[in-house]
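Secondary and tertiary structure notes
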Amino acid sequence: MTFASLGAVPAHAAADATIDVMFAFRVARGAAVDVSYGITCPADYRATVTVSLDQVRKDGLRASGTVTEQLTCAGTGVLEMGRVTANIGGAPFQVGSATLAVLATGCNNQDCFVVPVNQEIHVQN
């Protein structure tokens, strides 16, 4: 399992924010994957977090999905879980390697932050 933490990308006098990916667990026979991550962002920022998962299965079929969540930052680390549902018409997720992309963006009245995370992750059962 790989952990990633990237600093904020300046948007004005941008605020600091980080994301740490914890794990990904397959649920409902692969119909979805619960991705657990920690996010730290400045208090009173409204943030949008998009979690995308893409997997080429052992049989060559592709499983993928995306979830977008809204949150209000507290200024401390918060553990979040995004349930990424496999796209309709695509294959269900399997245990194994997958490509994970997380994008967090947030603003208050003065500053903004953008935090991208792209990594390989092991989907567990």
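Since the structure is predicted, the reported quantities are computational estimates derived from the model, not experimental observations. (Residues numbered from 1 in each chain as written. Predicted model: local features only at pLDDT ≥ 70, side-chain atom pairs only at ≥ 80, totals over all residues. Heavy atoms only, no water.)

**Digging into the pairing of strand β6 (residues 96-107)**
A regular strand carries its side chains on alternate faces of the sheet. Heads up, the condition is: We treat two strands as partners when DSSP finds at least two bridges between them. Going along the chain from the N terminus, every DSSP run of H or I of four or more residues is numbered as a helix, and every run of E of two or more is numbered as a strand.
Two strands pair when backbone bridges link them, and strand β3 (residues 46-56) and β6 are joined in this way by nine bridges, in the antiparallel orientation. Counterpart to V49 in the pairing with β6 is A104. The sheet contact formed by β6 and strand β7 (residues 112-124) spans 12 bridges and is antiparallel. Following the sheet pairing, A98 is matched in β7 by I121.

**Things to note about unusual backbone geometry**
Its identity is not glycine, yet A28 carries a phi of approximately 50°, on the positive side. Non-glycine residue R29 carries a positive phi angle of around 55°.

**Here's the deal with the nonpolar core**
Going by this rule: Buried residues of nine kinds, namely Ala, Val, Leu, Ile, Met, Phe, Trp, Tyr and Cys, make up a nonpolar core once their side-chain atoms join them within 4.5 Å. In this scheme, a residue with accessible area under 20% of its type's maximum is buried, one over 50% is exposed, and one in between is partly exposed, where area comes from a 1.4 Å probe on protein chains only.
By size, the foremost hydrophobic cluster in this structure holds 30 residues, and its most contacted members are I19, V51, L53 and F113. When residues of this core are traced back to their parent elements, those giving at least two are β1 (18-27), β2 (32-40), β3, β4 (62-72), β6 and β7. For this core, the element with the most residues is β7, which contributes five residues.

**A look at the pairing of β7**
In this structure, β1 lies alongside β7, joined through two bridges in parallel fashion. The residue of β7 that forms the bridge with F25 is Q124.

**Overview of the sheet that holds β4**
For sheets, the rule is that strands pair by backbone hydrogen bonds, running either parallel or antiparallel. Test applied: Axes here refer to lines fitted to C-alpha atoms; in helices the fit is confined to the stretch in contact. Angles between the N-to-C directions go from 0 to 180 degrees.
In space, the seven strands of this open sheet follow the order β4-β3-β6-β7-β1-β2-β5, with mixed pairing throughout. Two strands close off the open sheet at either side, each with one partner strand: β4 and β5 (77-85). Each adjacent strand pair in this sheet contributes to an overall mean axis angle of 20°, direction not counted.

**Here we look at the confidence of the model for the protein**
In plain terms, the rule: A residue's pLDDT is the predictor's confidence in that residue, given on a scale from 0 to 100. In this analysis, two residues are considered to be in contact whenever any of their non-hydrogen atoms come within 4.5 Å of each other.
Predicted confidence across the protein gives a mean pLDDT of 89, with 88% of residues reaching 70 or more. The model gives residues 1-13 a pLDDT under 50, and that stretch makes 41 contacts with residues more than four places away or in other chains.

**What about the pattern of salt bridges?**
Side chains that differ in sign of charge can pair as their charged atoms come close. Inclusion rule: By definition, a salt bridge exists where a carboxyl oxygen of Asp or Glu is found within 4 Å of a side-chain nitrogen of Lys or Arg.
Scanning the entire structure with this criterion turns up three salt bridges. The shortest N-O distance in the salt bridge between R62 and D54 comes to 2.4 Å. Given a relative accessible area of 27%, D54 falls into the partly exposed group. In this structure, R57 and D59 form a salt bridge, with 2.6 Å as the shortest nitrogen-oxygen distance.

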